[in-house]
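The primary structure of each chain is shown beneath.
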Amino acid sequence: MSQGFPESGVGARRPVRAVVALGSNLPGDHASPVDLLEAALSLFSEAGLPILRRSCWWRSSAWPDPSANEYRNGVAIVEATMDPGAMIGRLLEIESRFGRRRAARNADRTLDLDLIDHGGCILDSPDLTLPHPRAHDRRFVMGPLAEIAPDWRHPRLGRTAASLAAEAVVGRDARPTP
C-alpha cells in the first residue's frame, strides 16, 4: 500500500473499462492547471486505476461564468477492478490531495474528477449516478472522449462519443490545446 490508498485487490472483481473526466482551472501548488492534471494522472495507477488511454488536454471557457479562469479538461480510460462506489471514493481521495474544496456549484477548482462510465453500468443512487448525468451535454467531456474512443456508447442513450461531442451544448468552445 502506498500514499494511503487501500490495496486494490481487496474486493477485486472482473476488470472493466471506466471513463474518468478530469478538469482544472486553478493550479494549486503547481505551475499550471495542466501540470496539476498531469500530477493527478500520475496517481491513478497506485490508486488501482491503471490508465489504458488518455486524451490530450482541451481548453474551454468556464461555465456558466465565462469570466472565471479558463479550464483545462481531459479524459482517461482506466481499468477498474473495484465497484463504482469504491472507485468514486478513490477519485475523491485524489481530488483532496490536490486541494479540492467543494464550495459553490460550478466554482473554480484545482481538480475535478468525474466518473463518467463504469463498464456500461447504469446506477441511480443518492451517492452516485451512472453514467454521469450531464456528461453527454458537455463538449469538454465528450470531445476528449471522442478523441480516444469515438465509438464509445453512452449506456442510457446508445449514442457514440463522437455524435454526442458534435451536439453537446455546454462548452461549445472546447478545443484541443496545441
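Whatever comes next refers back to the structure up there.
Residues numbered from 1 in each chain as written. Predicted model: local features only at pLDDT ≥ 70, side-chain atom pairs only at ≥ 80, totals over all residues. Heavy atoms only, no water.

A. Quick peek at the pairing of strand β4 (residues 71-80). Counting buried positions along β4 yields nine of 10 residues, so the element is predominantly enclosed. Taken together, the nine bridges between strand β1 (residues 16-24) and β4 define a ladder with antiparallel strand orientation. Looking at β4, one finds that Leu22 is bridged to Gly74. When strand β2 (residues 51-54) meets β4, the two strands line up antiparallel, connected through three bridges. Opposite Arg54, over in β4, you have Ala76 as the bridge partner. (Buried < 20%, exposed > 50% of the residue type's maximum accessible area, 1.4 Å probe, protein only. Helix = DSSP H or I, 4+ residues; strand = E, 2+ residues; numbered from the N terminus. Pairing = 2+ DSSP bridges.)

B. Structural detail: helix α2 (residues 84-97). The end-to-end C-alpha distance of α2 is 20 Å, a good match for the 20 Å that 14 residues give at a rise of 1.5 Å each. Buried residues along α2 sit in contact with β1, α1 (33-41), β4, β5 (112-118), β6 (123-124) and β7 (129-130). For α2, the capping residue at the N-terminal end is Asp83, with a side-chain oxygen 2.9 Å from the backbone nitrogen of Gly85. Among the residues trailing α2, Gly99 stands out with phi positive, at a value near 80°. (Expected span 1.5 Å × (residues − 1). Contact = heavy atoms within 4.5 Å. Polar contact = N/O pair within 3.5 Å; in protein donor to acceptor, adjacent residues only side chain to side chain.)

C. Spatial organisation of helix α3 (residues 139-148). With eight of 10 residues buried, α3 is to be regarded as a mostly interior element. For α3, the set of buried residues is Phe140, Val141, Met142, Gly143, Pro144, Leu145, Ala146 and Ile148. Close packing links the buried residues of α3 with β1, β2, β3 (58-60), β4, β5 and α4 (161-167).

D. Layout of the pattern of salt bridges. Under the criterion given, the structure shown has six salt bridges. Ionic pairing is found between Glu38 and Arg54, a salt bridge with its closest N-O pair at 2.7 Å. You can see Glu38 sitting in helix α1 and its partner Arg54 sitting in strand β2, a full 16 residues away along the chain. Among the residues examined, Arg54 registers a relative accessible area of 33% and is labelled partly exposed. Between Asp124 and Arg156 there is a salt bridge, and its shortest N-O distance comes to 2.8 Å. Of this pair, Asp124 sits in strand β6 while Arg156 sits in the loop between α3 and α4; the two residues are 32 residues apart in sequence, bridging distant segments of the chain. On the accessibility criterion, Asp124 (55% relative accessible area) is exposed. Classification of Arg156 by relative accessible area gives partly exposed; the value is 40%. (Salt bridge = Lys/Arg side-chain N within 4 Å of Asp/Glu carboxyl O.)

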